[in-house]
Amino acid sequence: MSIILAKNATKMYQSGARQTFALNEISFGIEDGEFVVILGQSGAGKSTLLNILGGIDCLSSGEIFVNNIPLSKMKENELARYRANDIGFIFQFYNLIPTLTVYENIALMKDIKDDILDPAAILDRVGLKQHLKKFPSQLSGGEQQRVSIARAIVKNPEILLCDEPTGALDSETGCMVMQLIQDVCREYHKTAVVVTHNANIAKVADRVIRLKNGRISDAAVNEKPMSIKELEW
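Keep in mind that this is a model prediction, so the values were computed, not measured.

The rules behind these values
- Residues numbered from 1 in each chain as written.
- Predicted model: local features only at pLDDT ≥ 70, side-chain atom pairs only at ≥ 80, totals over all residues.
- Heavy atoms only, no water.
- Pairing = 2+ DSSP bridges.
- Helix = DSSP H or I, 4+ residues; strand = E, 2+ residues; numbered from the N terminus.
- Axes fitted to C-alpha atoms, helices over the stretch in contact; angles between N-to-C directions.
- Contact = heavy atoms within 4.5 Å.
- pLDDT = per-residue confidence, 0-100.
- Salt bridge = Lys/Arg side-chain N within 4 Å of Asp/Glu carboxyl O.
- Buried < 20%, exposed > 50% of the residue type's maximum accessible area, 1.4 Å probe, protein only.

J.: Teacher, can you tell me more about the pairing of strand 4 (residues 61–66) here?
T.: When a strand is regular, its side chains alternate between the sheet's two faces. Of the pairings in the sheet, the one linking strand 1 (residues 2–15) to strand 4 comprises five bridges and is antiparallel in character. Looking at the pairing, Leu 5 lines up with Phe 65 of strand 4. Note: strand 4 against strand 5 (residues 69–70), two bridges, orientation antiparallel. Considered in strand 5, the bridge of Val 66 is made with Ile 69. Linking strand 4 to strand 5, which pair antiparallel, is a turn of two residues; within it Asn 67 sits at a positive phi near 55 degrees.

The following block contains the structure:
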C-alpha cells in the first residue's frame, strides 16, 4: 500500500514572464515502511519535494496523497496537525535549542503532541543516555545529529523526512547516523524519506528516486539493498 502517492506534482515559480519549475509533473509512490532515498544534485528539486511532503510548501498543480488524503485539500489547521502528528523532520543542521539540555530538547515535543514516546528511552536507543543533562554545545556533531533523530522519533510519526542528514558529518559519523535512521525505520516501522546528493547512500535504500532539473530521471525498487556497513563514502 502506498503511504505517499504523487501524481503529476508540479511546483512552479513565476518571476514576471519567466516560469521556473522546481518540480515538473513528477509521479511516484512510496510504500508503507520503506527506506527511500531521493537522489539528485543541488537544484534538482529534492528539498522542494521534501518541504511539500512535510506540509511546509504547496504544489502549483498536480497532487500528493498521504494515506489517500490529498495534501492540497488540507486547511491550514489540518496541515499543522499533520506536521505535528505524522511527520518527523531531520535536517542537515540540527536546530537544537542551545539553552536546553539534551533531554529538554527532546521532551519539548510534549508541547507539540500529547502521546509522545518516552524521551529517556529514545535517547537510550540512539546511544545518548549518558548525555541527558548536557547542552548541545557539549556534544560532537554526530551526537547532536543523534539528538535531532531522537527528537523526530519521540513524536512517533508515521513518516521521517531527512534533508541531507549526513551533509555536515565525516564519513564514519555519517555512516553511523544513516545506520541509526535505517534501524529506527525498521524497528519502529516508519517510512523514511532521505534526500541526498550522495549517490552511495542510494545503495542501501529500498527504493531510489532520482531527480534532475525538477523531473524524475529514474525510479526503481532496490531488490538487494546493501548494508550500510559496506558503504564507501
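J.: How should the sheet that holds strand 3 (residues 35–39) be read in this particular structure?
T.: Hydrogen bonding along the main chain pairs the strands of a sheet, whether they run parallel or antiparallel. Strands sit in the order 6-7-8-3-9-10 across an open sheet of six strands; the sheet is mixed. Edge strands, defined here as strands with exactly one partner in the open sheet, are strand 6 (87–91) and strand 10 (215–221). Strand-to-strand twist in this sheet, taken as the mean axis angle between neighbours without regard to direction, amounts to 15 degrees. Helix 5 (residues 141–154) rests against strand 6 and strand 7 (159–163) of the sheet, and its axis sits at about 170 degrees to strand 6.

J.: Explanation requested: the confidence of the model for the chain in the structure shown.
T.: Reading predicted coordinates in detail is not appropriate for stretches of low pLDDT. Taken as a whole, the chain shows an average pLDDT of 90; of its residues, 99% reach a score of 70 or greater. Within the chain, strand 4 carries the highest mean pLDDT (96), whereas helix 6 (residues 171–187) carries the lowest (83).

J.: Even after reading the chapter, I still don't get the pattern of salt bridges, so can you show me in this structure?
T.: Opposite charge on two side chains lets them pair, provided their charged atoms get close. Across all of its chains, the model carries seven salt bridges by this definition. Two residues, Arg 207 and Glu 34, come together in a salt bridge whose shortest N-O distance is 2.8 Å. Here the residue Arg 207 occupies a position in strand 9 (residues 207–212), and Glu 34 occupies one in the loop between strand 2 (18–31) and strand 3, the gap between them amounting to 173 residues. For Arg 207, a relative accessible area of 16% corresponds to the buried category. Overall, the relative accessible area of 10% leaves Glu 34 in the buried class. A salt bridge links Asp 183 to Arg 125, with the shortest nitrogen-to-oxygen separation between them at 3.8 Å. Of the two residues, Asp 183 sits in helix 6 while Arg 125 sits in helix 4 (residues 119–125), which places them 58 residues apart along the sequence. Note on Asp 183: relative accessible area 24%, which makes it partly exposed.

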